[in-house]
Each structure stands twice: as structure tokens, then as C-alpha cells.
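# Fold and contact review
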Amino acid sequence: MTIEIPNYGKIEARAVVFDLNGTLGVEGKVSEEVKKLLERLSEKYIIVVLSADTFGTLEEEFKGLNVKIERVKDGNEKLEKAMKYEPYIGIGNGNNDIRMLENAELAFCVIGEEGATVDALLASDVVVKDVKDAIAMLLNEKKLIATLRG
């Protein structure tokens, strides 16, 4: 998928790589609304969730969805696994997301109920208050263009 943004540049990505806790879900749980949005997004991109699975919900939360899931132990492993899906869009909120966000063609920081780290914020191109906002921007590129155009 290619998104052309005036006075910003071209963003090319084949996958969207998400963090789970604090990004897609709260305490390891993903809302039905977010799951429906992920299904819609999977029509345009490969959807990947990389998580340390702190709450032990990774398999159950994404069962039956068109989503690739992988466990990671730290930020280095998260970057390593994300790189298999290059070029990708990264969406995260924590310290173990920083390297994945820095390497992304486009990076979103989600400042949701569980907050976000300053370093994850600084590694991002776009900051949103809810993962639904990030997904909406990817489903309707005009929203993304309105935010990023120069």
C-alpha cells in the first residue's frame, strides 16, 4: 500500500505491526470494536501483533481473526520480528516499542488508558489518544494526509 502525502512524502507499507498491552488493549483484552476494525484493516495490510503477552491473553484475543501473532521478550526481539514484515507501519506505546517505532515507515504512539512513555512518543510520527483513531487514519488516508501534510 502506498500513501502519497503532499509536502511530506510517500509512505509504503505492506503490514501494520501492533503492540498489544496499552496499544490494542487494556490489561490484555481487546474490545469487539477494535477487533472489527482490525478485520477491516486486514483487507489492506498484513496485521501483526507482537507482544510479551504479560496478561497471557494473546492467542485467545485474536482467535479467528486475520491477524498474525508473535511473542517477544523485549524491544530488540520486537524490532527483529517487525523487520520480517518490512516495510511496515508501527503502532505502540511503551519502551519495548521504541526500536520498532523508529524503524517503521510510519509510527503511531497511542496514549490510551495505560499511558505511553516519552521515548515512544518521541519515536513516533503521529500521536493518538486511542488505537481506533490510528486504525481510522489507515482506513481513510485523507485523515492521515490532513495530519501529516506539510
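Just so we're clear, the structure is a prediction, and the values are computed from it rather than from any experiment. (Residues numbered from 1 in each chain as written. Predicted model: local features only at pLDDT ≥ 70, side-chain atom pairs only at ≥ 80, totals over all residues. Heavy atoms only, no water.)

### Side note on the side chain of serine 124
- Structurally, the position occupied by serine 124 is in the loop between helix H5 (118-122) and strand E8 (126-128).
- In terms of polar contacts, serine 124 uses its side chain to reach the backbone amide nitrogen of cysteine 109, at 3.4 Å.
- In terms of polar contacts, serine 124 uses its side chain to reach the backbone carbonyl oxygen of alanine 120, at 2.8 Å.
- Aside from chain neighbours lying at most four places away, what touches serine 124 is Leu101, Ala107, Phe108 and Cys109. (Helix = DSSP H or I, 4+ residues; strand = E, 2+ residues; numbered from the N terminus. Polar contact = N/O pair within 3.5 Å; in protein donor to acceptor, adjacent residues only side chain to side chain. Contact = heavy atoms within 4.5 Å.)

### Concerning helix H3 (residues 75-82)
- Where burial is concerned, most of H3 is hidden: six out of the eight residues are buried.
- Listed as buried for H3 are Gly75, Glu77, Lys78, Leu79, Lys81 and Ala82.
- On the buried face of H3, the contacting elements are strand E3 (15-19), strand E4 (46-51), strand E5 (68-71), strand E6 (88-92) and helix H4 (98-103).
- Measuring from the side-chain oxygen of the N-cap residue of H3 to the backbone nitrogen of asparagine 76 gives 3.1 Å; that N-cap residue is aspartate 74. (Buried < 20%, exposed > 50% of the residue type's maximum accessible area, 1.4 Å probe, protein only.)

### A short note on the packing of helix H1 (residues 32-41) against helix H6 (residues 131-139)
- Interaxial distance between H1 and H6 falls to 10 Å at its minimum, and their mutual angle equals 20°. With respect to H6, the element H1 is oriented roughly parallel. You can see that H1 and H6 cross each other, and the crossing is left-handed. On the side of H1, the interface is formed by Glu33, Val34, Leu37, Leu38, Arg40 and Leu41, while H6 contributes Val131, Lys132, Ile135, Leu138 and Leu139. (Axes fitted to C-alpha atoms, helices over the stretch in contact; angles between N-to-C directions. Parallel < 35°, antiparallel > 145°, perpendicular 65-115°, else oblique. Left-handed = near helix turned anticlockwise from the far one by under 90°.)

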